[in-house]
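Inside the fold
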Amino acid sequence: MEFAMHIYGFILKVLSFMITPILAVRAFFVHQKPLPPIKSEYIKCSASELARKIRKQEVTCERIVRAFIVRCREVNPVLNAISENRFCNAIDEAHTIDQMIDSGVKTEEELERDTPLLGVPFTVKESCGLKGMRFSVGCTLRDGMKAMENGAAVEKLVKAGAIPILVSNTPELCCSIETYNFITGRTNNPYNRFRTSGGSSGGEAALLGSGASVIGIGSDMGGSIRVPAMFNGVYGHKPTPGIIDLTGHFPLDPSPDFQKVLCIGPMTRYAEDLTPMFKILAGDKASSLNLDHKVPVNNLNVFYLDNCGYPLGNNQPTREIKKKIHQAVNHFKSKSCKCEKADLPEWDDSTEISLASFFGSILKSVNKTLNNMSIKFSLPHEAVKFILGAPTFTLATIHFTALLTFKAFIPKKRREMYVVEAETLKKKLTNLLKDNGVLLCPTSAQPAFYHGLFPLKQTLTCQAFLFNILHLPATNVPLGLNSQGLPIGLQVVAGPGQDKLCFQVAEELEAAFGGWVPPPSSY
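Residues numbered from 1 in each chain as written. Predicted model: local features only at pLDDT ≥ 70, side-chain atom pairs only at ≥ 80, totals over all residues. Heavy atoms only, no water.

Scanning all chains against the criterion turns up 21 salt bridges. Its salt-bridge partner being Arg86, residue Glu93 comes within 2.6 Å of it at the nearest N-O pair. Classification of Arg86 by relative accessible area gives buried; the value is 12%. Between Glu340 and Lys338 there is a salt bridge, with its nearest N and O atoms 3.6 Å apart. A relative accessible area of 35% places Glu340 in the partly exposed class. Relative accessible area serves as the criterion here: at 46%, Lys338 is assigned to the partly exposed category. Overlapping salt bridges, with partners in common, bring together Lys39, Arg71 and Glu74 in one network. (Salt bridge = Lys/Arg side-chain N within 4 Å of Asp/Glu carboxyl O. Buried < 20%, exposed > 50% of the residue type's maximum accessible area, 1.4 Å probe, protein only.)

Below, the structure is given as structure tokens:
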């Protein structure tokens, strides 16, 4: 345990405890503009179901795309989740697809084989690159930049027949657990607009949670898919590294360490869409993953952890989140699965392991990104500019850089120890989980927090971040709403290359607990 780091974390917890009631009172007395109710029956269909309906000509692709565009226009004034749209182009592409299907040039079976998501609209986190769309990633120094080509992941979905309709909002340079930047502003949570949608895939998650999207592409360097997915009540998967091509993402560094930590992955409203999306995104590598092979449920070994490491500086799971984890475990017990609490002493150091392993390659990448934008980032200079009200960068980027600069108060020799501990933990988990085991643990210790509290909530994501460091696949699974009407859930972790187990467990828990719950049309 790092005493200085945990004292710092404890101070943040105390400040959060003091400030949160003030923000809650403010939210109570200020009217919240409600989200309109979902009107189209197609909005509540999974992507797989929509693709089947389009192939069978039960509904036109254009009608589906228009329904989602209408929903986007309804919710975005409340959410501010859209960075830039391509609605007109999407309608034209949908019309072309309908003409092709009408022509009968391909049979229904051929359409499914060649273009499994034909006609299904999807959304893209701005950092993943969608040709012709905004590619500033929330940074004023990149304002006006457009993506010259589709990112590799986007291109695979397009070739599978899906239609991109927009790019979604991100924090500046993806450097925050709250989605806010100086170009497109702050994204709100569909379940409570005074709360964050998370980050850095917060725009994407908010659109999915509100019913304005059914599938999307996000990126995850430290929980950036899974934490927003939990905050907005949807599914989000961080893959085993190296499976999904990162080409076209910004920021991106060529160093192997960086490319093992950053992953692009699917975000969905329904669990059944995780596997087909992942097959498409994995491309040629999908065949080696046996994604269609189902382990019999009663052969699953289910391990669990219901805490977030050493308690002093870390936020611990709320009572309702812990209860959901135990309910999930009890469900698998009822299916005759072997279930037990994981014996992992290293879990107590999960925050230290995550942060110590993060410093080297990521710090170099941040500096390289700033240098590529022809600016030398000086932390004291940028901090003074922020205080004087003339910042170049958001507080989140300054805060993120400060954490890296001060190495989270972990001395160099101790950092090396935690890097070794990370390798030990990875080996333990790999041997424990094998090819039929999963670990259920918190995605985030708490549900979505009030806007502006992100500097005080950094440890919320450390247990998600840990699995980026350990290079293990992990999926957020929504498990309903808490007593405040906010989404809560857990993450399912599997062994290297066992992404299919995450999807199988997600489907099992969706059947048991209901999955995505539409946000109320009034608060």
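Another point: the packing of helix α3 (residues 61-79) against helix α4 (residues 87-103). Packing of α3 against α4 brings their axes to within 8 Å, and their N-to-C directions diverge by 160°. Considering their axes alone, α3 and α4 lie roughly antiparallel with respect to each other. At the point where α3 passes α4, the crossing takes the right-handed sense. Every residue of α4 that contacts α3 at Cys61, Glu62, Val65, Arg66, Ile69, Cys72 and Arg73 is listed here: Phe87, Ala90, Ile91, Ala94, His95, Ile97 and Asp98. Grouping the constituent residues of the contact of α3 with α4 by class yields nine nonpolar, one polar and four charged. (Axes fitted to C-alpha atoms, helices over the stretch in contact; angles between N-to-C directions. Helix = DSSP H or I, 4+ residues; strand = E, 2+ residues; numbered from the N terminus. Parallel < 35°, antiparallel > 145°, perpendicular 65-115°, else oblique. Left-handed = near helix turned anticlockwise from the far one by under 90°. Contact = heavy atoms within 4.5 Å. Nonpolar A, V, L, I, M, F, W, Y, C, P; charged D, E, K, R; others polar.)

A few words on unusual backbone geometry. The phi angle of most residues is negative, glycine excepted, and most peptide bonds adopt the trans form. Cis rather than trans, the peptide bond between Gly199 and Ser200 has omega equal to 10°. By secondary structure assignment, the location of Ser200 is in the loop between β7 (192-196) and α7 (202-210). For the peptide bond that leads from Phe250 to Pro251, omega is 0°, which places it in the cis range. With respect to the helices, strands and loops of the structure, Pro251 is situated in the loop between β9 (235-238) and α9 (256-261). Although it is not a glycine, Leu173 sits at a positive phi angle of roughly 55°. Along the chain, the position of Leu173 falls in the loop between β3 (163-168) and β4 (180-181). Located in the positive-phi region is Lys434, a residue other than glycine, with phi close to 50°. Here Lys434 is to be found in the loop between α15 (412-433) and β13 (437-441). Its relative accessible area of 54% is what places Lys434 among the exposed residues.

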